[in-house]
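Okay, here's what each chain looks like letter by letter:
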Amino acid sequence: MTEAPGQKVNYLGYTQEMWLELLSELGEKPFHATQIMKWIHHRKVDDFTAMTDISKKLRQYLMATGELAEPEVSHEFVSKDGTRKWLIRSASGSLFETVFIPEDNRGTLCVSSQVGCKLDCSFCSTGKQGYNSDLTTAEIVGQLRIAMRRLAEAYPDRRRTVTNVVMMGMGEPLLNIEHVLPAVTLMMDDLGYGISKRKVTISTAGVVPGIEKLCESTDVSLAISLHAPNNPLRDQLVPINRKYPIELLLDVCTRYARNLGEKRTVTVEYTLIDGVNDSREHALELSRLLKDFPCKINLIPFNPFPGTDYKRPSMNAVRGFQDRLVNDGYSVTVRTTRGDDIQAACGQLVGQVADRTRRQERYQRIQAGQIA
Ligand code: SAH
């Protein structure tokens, strides 16, 4: 449990396993877990009194000990391409972001795991905000609940809904695995949100101990943010590489791939930055590196943000990089930029982080030219 003693439990973050444990402690029948979860996640009630098929005694217990509190939406932005971004208030008061990206035959929700990020990848604007806090399970799964509710209101014909979830919003999911794992479990549970395990993806900058934990407990889809084909370059772009270098990362991912079974593979994300990691040599080196690693590659043209010197490569350069890998037999997709008019593209999410690390201040001073 994450709540301090005496504080109300937010039952929105309870998995089926947690309900079964609680009901057994209370001497109640296990089938109530099914009823309660359907009320919370399918019918989306916010009040225990609405749960008319469970006993008054159990309802009263739940009311006395807990609540069903969805985090509060502070603002909704709608892009001209249909992308939606919600600015959401966390318990700490800081704001974080969730993005919905509609496509012809699917809708992807990009979910945050932390307010800010402890890592400081050089090309990511979330990192520049510093870090404030980890989101709770209810705040993580709450983002999906909010999106589904709001999309159902905006599109009564159900034309748009969430079919895929990617943990690619603000934060590093595997540095908050304690809350991310139960949240994705709820997303995949039929009594929760019923999204297939193929369509829920945890993306990590390479927190090796976190992937080791995933090996023991789940088969959710996994993406790794590689961004460089060798350690010296990756050390600069993704500083956590100095702690967990590429060999260690690919090794633990190979182990995790066993959880995925025959037909599923780990996704390798590679943000292409002009003149930094996008040359023909980089493509060849990447191809050699991944030779024995079963994966799909997802190329992300860099999304600029205020204060960065990095640039997006031309579409020709992106296609050239893709072609080289495709020639070597890799399956390679290029992520299209969506929602950049509302600052909702990859790496552009900043929220409003009351930074506890002083990193935000340092970057602001660099931007203002006060320090080199
Ligand atoms: N911490 C997780 C989730 C982060 S965001 C991770 O590192 O995987 C999801 C993806 O967007 C990551 O691959 C991240 O490296 C990439 N990204 C971050 N900033 C970007 C930018 N400015 N342009 C393009 N991609 C970016």
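Refer to the structure above for everything that follows.
Description of the structure in this document. What you see is a predicted model, and the numbers here were worked out from it, not measured in a lab.

A few words now on the site of the ligand. Within the structure, the ligand sits among 19 residues, and F123, S203, S225, H227 and N303 are positioned closest to it. Separating an oxygen atom of the ligand from a backbone N or O atom of T204 is a distance of 3.4 Å. The side chain of S225 places a nitrogen or oxygen atom 2.6 Å from an oxygen atom of the ligand. In isolation the ligand offers 530 Å² of accessible surface; the protein chains occlude 96% of this area. Contributing elements (two or more residues each) for the shell around the ligand: β10 (200-204), β12 (266-272) and β13 (295-301). Taken together, the residues of the shell around the ligand sort by class into nine nonpolar, eight polar and two charged.

Bringing the pattern of salt bridges into the picture now. Under the counting rule described, the total for this entry stands at 20 salt bridges. Across the pair K85 and E97 runs a salt bridge whose closest N-O atoms are separated by 3.3 Å. Placement of the pair is K85 in strand β4 (residues 84-89) and E97 in strand β5 (residues 95-102), with a sequence separation of 12 residues. According to the relative accessible area criterion, E97 is buried, its value standing at 3%. Here K197 ties to D219 by a salt bridge, and the two come within 3.1 Å at their closest N and O atoms. On the criterion of sequence distance, the pair formed by K197 in the loop between α6 (177-188) and β10 and D219 in the loop between α7 (208-217) and β11 (221-225) is long-range, its members being 22 residues apart. Judged by relative accessible area, which is 23%, D219 ranks as partly exposed. It is possible to trace a salt-bridge network through shared partners that takes in D46, E70, R145 and R149.

With that out of the way, let us pick up the environment of I88. Position of I88 among the secondary structure elements: in strand β4. What makes I88 buried here is its relative accessible area of 0%. Put simply, I88 and H75 are 13 residues apart on the chain and 7.1 Å apart in space, counted from C-alpha to C-alpha. Beyond its immediate chain neighbours, meaning those up to four positions away, I88 contacts P71, E72, V73, S74, S94, L95, F96, T98, Q143 and I146.

Take the packing of aromatic side chains next. Inspection of every chain in the model, using the stated rule, returns seven aromatic pairs. For the ring pair Y11 and Y14, a centre distance of 4.9 Å and an interplane angle of 80° mean the geometry is edge-to-face. With relative accessibility at 1%, the residue Y11 sits in the buried group. An aromatic cluster of three or more residues is present, and its members are Y11, Y14, W19 and F48. When the ring centre of W39 is taken as reference, the NZ or CZ atom of R43 above it lies at 4.1 Å. Just above the ring of Y131 sits the side chain of K118; from NZ or CZ to the centre is 4.8 Å.

A large share of helix α2 (residues 32-42) lies buried, amounting to eight of its 11 residues. Buried residues along α2 sit against α1 (16-25), α3 (56-65), α5 (137-154) and α6. Of the residues trailing α2, K44 is marked for its positive phi of about 55°.

We now examine the nonpolar core. Among the nonpolar cores identified, the biggest contains 111 residues, and W19, V162, M187 and L290 are the most heavily contacted of them. Discounting chain neighbours no more than four positions away, the residues touching L290 are L226, L250, V268, C295, I297 and Y330.

Turning to the sheet that holds strand β3 (residues 72-78), a few remarks are in order. In a beta sheet, neighbouring strands are held together by backbone hydrogen bonds and run either parallel or antiparallel to one another. Across the sheet, 10 strands lie side by side as β3-β4-β5-β6-β9-β10-β11-β12-β13-β14; this open sheet has mixed pairing. Lying at the two open borders of the sheet, with one neighbouring strand each, are β3 and β14 (331-334). Pairs of neighbouring strands in the sheet enclose a mean axial angle of 20°, with direction left out of account. As defined by bridge partners, β4 adjoins β5 across six bridges and the pair is classed as antiparallel. Among the inter-strand pairings, L87 is bridged to a residue of β5, identified as E97. The sheet contacts of α6 involve β9 (164-167) and β10, and relative to β10 the element is tilted by about 160°.

Attention now moves to α7. Of the residues making up α7, those classed as buried are V208, G210, I211 and L214. Down the axis of α7, the buried set is contained in an arc of 155°. They therefore lie on one face. Tucked into the core, α7 has its buried residues touching α6, β10, β11 and α9 (246-260).

Geometrically, a packed helix pair is captured by the angle between its two axes and the distance between the axes. The N-to-C vectors of α1 and α2 enclose an angle of 130°; their axes lie 9 Å apart at closest approach. On the basis of their axis angle, the class for α1 and α2 is oblique. The chirality of how α1 crosses α2 is right-handed. Across from Q16, W19, L20 and L23 in α1, the residues of α2 making contact are H32, A33, I36, M37 and I40.

Parameters and conventions
- Residues numbered from 1 in each chain as written.
- Predicted model: local features only at pLDDT ≥ 70, side-chain atom pairs only at ≥ 80, totals over all residues.
- Heavy atoms only, no water.
- Near = heavy atom within 4 Å.
- Polar contact = N/O pair within 3.5 Å; in protein donor to acceptor, adjacent residues only side chain to side chain.
- Areas by Shrake-Rupley, 256 points an atom, 1.4 Å probe, with all protein chains shown as cover.
- Helix = DSSP H or I, 4+ residues; strand = E, 2+ residues; numbered from the N terminus.
- Nonpolar A, V, L, I, M, F, W, Y, C, P; charged D, E, K, R; others polar.
- Salt bridge = Lys/Arg side-chain N within 4 Å of Asp/Glu carboxyl O.
- Buried < 20%, exposed > 50% of the residue type's maximum accessible area, 1.4 Å probe, protein only.
- Contact = heavy atoms within 4.5 Å.
- Phe/Tyr/Trp six-rings, centres within 6.5 Å; stacked < 30°, edge-to-face > 60°.
- Lys NZ or Arg CZ within 6 Å of the ring centre and 35° of its normal.
- Core = buried A, V, L, I, M, F, W, Y, C linked by side-chain atoms within 4.5 Å.
- Pairing = 2+ DSSP bridges.
- Axes fitted to C-alpha atoms, helices over the stretch in contact; angles between N-to-C directions.
- Arc of directions from axis to C-beta.
- Parallel < 35°, antiparallel > 145°, perpendicular 65-115°, else oblique.
- Left-handed = near helix turned anticlockwise from the far one by under 90°.

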